[in-house]
Amino acid sequence: MPLMNGRHFAFLLPIIIGLFLVFASALSDPKSFPVFVGTYTRGDSKGIYAYRMSGATGSLTPLGLAAEVSNPSFLAIDPSNRFLYAVGEINNFEGKPGGAVSAFAIQKDGRLTLLNQASSGGAGPCHLTVDAQGKHVLVANYGGGNLSVLGTESDGRLGNSTAFVQHQGSSVNPRRQSRPHAHGVYLDAGNRFAVVADLGLDKLMIYRFDASKGTLQPNEPAFASVRPGAGPRHFAFHPKGRYAYVINELDSTLTTFEYDPDRGSFKELATLSTLPSDFDGTNFPAEVAVHPSGKFVYGSNRGADNIVIFAVDEHSGALKTVGWQATEGSNPRNFAIDPSGQYLLVANQDSHNIVVFRIDQETGKLSPAGHAVGIDSPVCIVFAP
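Residues numbered from 1 in each chain as written. Predicted model: local features only at pLDDT ≥ 70, side-chain atom pairs only at ≥ 80, totals over all residues. Heavy atoms only, no water.

Asks: Explain the overall build of the protein chain here, please?
Replies: Scanning the protein chain from N- to C-terminus turns up one helix and 30 strands. Relative to the 2.2 N^0.38 estimate, which gives 21 Å for 385 residues, the radius of gyration of the protein chain is 20 Å and therefore close to what a compact globule would have. Surface accessibility of the protein chain: about 16200 Å² in total, with carbon and sulfur atoms responsible for 52%. If the 30 positive side-chain charges of the protein chain are averaged to one point and the 33 negative ones to another, these points end up 4 Å apart. (Helix = DSSP H or I, 4+ residues; strand = E, 2+ residues; numbered from the N terminus. Rg over C-alpha atoms; globule rule 2.2 N^0.38 Å. Areas by Shrake-Rupley, 256 points an atom, 1.4 Å probe, with all protein chains shown as cover. Lys, Arg positive; Asp, Glu negative; His and termini not counted. Charge placed at Lys NZ, Arg CZ, Asp CG, Glu CD.)

Asks: Would you mind going over the sheet that holds strand β17 (residues 215-225) with me for this structure?
Replies: Strands pair in a sheet through their backbones, by hydrogen bonds, and they do so in one of two ways: parallel or antiparallel. With antiparallel pairing, the four strands of this open sheet are ordered in space as β14-β15-β16-β17. The two strands at the open ends of the sheet, each matched to only one other strand, are β14 (182-187) and β17. Strand-to-strand twist in this sheet, taken as the mean axis angle between neighbours without regard to direction, amounts to 25°. Sheet topology note: the β14/strand β15 (residues 193-198) ladder contains five bridges and is antiparallel. From the neighbouring strand, Val185 faces β15, where its bridge partner is Val196. (Pairing = 2+ DSSP bridges. Axes fitted to C-alpha atoms, helices over the stretch in contact; angles between N-to-C directions.)

Asks: Looking at this model, I keep getting lost on empty space enclosed by the protein. Mind explaining?
Replies: What the rule picks out here adds up to one cavity of 30 Å³ or more. Empty space within the largest cavity amounts to approximately 50 Å³. Forming the boundary of the largest cavity are Ser73, Phe74, Cys126, His183, Arg233, His234, Arg333, Asn334 and Val379. At the level of elements, β18 (232-237) and β26 (332-337) are the ones that each hand at least two residues to the lining of the largest cavity. (1 Å grid on protein atoms, 1.4 Å probe; cavity = no way out; pocket = protein on both sides within 12 Å on 5 of 7 lines; lining within 4 Å. Points joined across faces, edges and corners; volume = space filled by probe spheres on them.)

Asks: How should the side chain of Glu89 be read in this particular structure?
Replies: Tracing the backbone shows Glu89 in the loop between β5 (83-88) and β6 (92-93). Here Glu89 occupies a buried position and makes no salt bridge, while the nearest side chain of opposite charge, Arg333, is found at 4.3 Å. Reaching out from Glu89, the side chain makes a polar contact with the side chain of Tyr40 at a distance of 3.0 Å. Reaching out from Glu89, the side chain makes a polar contact with the side chain of Ser73 at a distance of 2.6 Å. Sequence-distant contacts of Glu89, defined by excluding residues within four places in its chain, comprise Tyr40, Ser70, Asn71, Ser73, Pro125, Cys126 and Arg333. (Buried < 20%, exposed > 50% of the residue type's maximum accessible area, 1.4 Å probe, protein only. Salt bridge = Lys/Arg side-chain N within 4 Å of Asp/Glu carboxyl O. Polar contact = N/O pair within 3.5 Å; in protein donor to acceptor, adjacent residues only side chain to side chain. Contact = heavy atoms within 4.5 Å.)

Asks: I tried to follow the environment of Ser178 on my own but got confused; where do I start?
Replies: You can see Ser178 is positioned in the loop between β13 (158-166) and β14. For Ser178 and Leu201, which are 23 residues apart along the polypeptide, the C-alpha to C-alpha distance reads 8.5 Å.

Asks: For this particular structure, what's the right way to read the pairing of strand β21 (residues 265-273)?
Replies: The two faces of the sheet receive side chains in turn, since in a regular strand these alternate between them. With eight bridges connecting them, strand β20 (residues 253-260) and β21 associate as antiparallel partners. Looking at the pairing, Tyr259 lines up with Phe266 of β21. With antiparallel pairing between neighbouring strands as the criterion, β20 and β21 make up a hairpin whose turn holds four residues, including Gly264 at a positive phi of roughly 70°.

Asks: Help me out: how do you make sense of unusual backbone geometry in this one?
Replies: With the exception of glycine, the majority of residues adopt a negative phi angle, and the majority of peptide bonds are in the trans configuration. In the segment running from Glu220 into Pro221, the intervening peptide bond is cis, with an omega of 10°. Checked against the element boundaries, Pro221 lands in strand β17. A positive phi angle, close to 60°, is found at Asn81, a residue other than glycine. For Asn81, the position within the fold is in the loop between β4 (75-77) and β5.

Listed below in structure tokens is the structure:
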């Protein structure tokens, strides 16, 4: 009897090819590392896809489908780089209304092994983050307008819910702000305060986070406001921890805050447009990120289909507009800066591609690196260095 028949070989061939590509890439480029992409699975996509990125050139080597899962739109990796967590934007989980969270173990060949799944605690989970100790996953539920916290086990599996907070209220836009919409959840560098950008309330909700228990308590002050109708979507702390930036989806602005890490409080410094002055079309900003050096802030514009570039004043944290870079695609939902700070990768959701840009370390400006890959409905990009 043969050791391996044709059917077995056909099944193993993609795995063999994937392993070969990983090891060959690692040998030729020791600075290469895995990249995972979350997608919407409404078309041809099947879930989370893996790539190998060259730290030397910025090129992406496709490793194929890492995990088959429904609508894993946003991803987060734990501090040990051993586990990946994904929201599932689904309407029903285990017979009950609401979304899901999936836990995966990251394998050396770029595949993901499903560990378990749990309820997200509300409808339309759209963002999540892992705390600095890797013991809890915090989830923002857009549709439910709430925030939940799930514990994690030592093997990466999701455990019991440790906290749940339901937001209340509305704001001035009757179509988009008739109720709460938690759109992003973030922890400060001290792992002491959780900040939730709520698009429906025009507020950054602030909670004291107990890292040992995974519990949340309203802070004092309990929130920081943006201008009415702004619609805060995503948020980023400056690496030095004294400043923070929120991108506003409904009025195409970016607000700079001064942050007090002792009190968990914010003071607005300024709000700038994310758009060129001559743009008069429809636009909805999506993502904001600070360069690892702290010298630049970037934001994505869906509609204008570009990345806005700001320079950061090192003394005040204030921003100055540097310019814009076309994303070479449509609907730039999310983008990410690689760990070295050399490259910025943009997920163009509607044109179904990821485009790599090189970052000028002196000016912050972007230029096409000459690398792009096709992928159906990419939403989120994360690195596992």
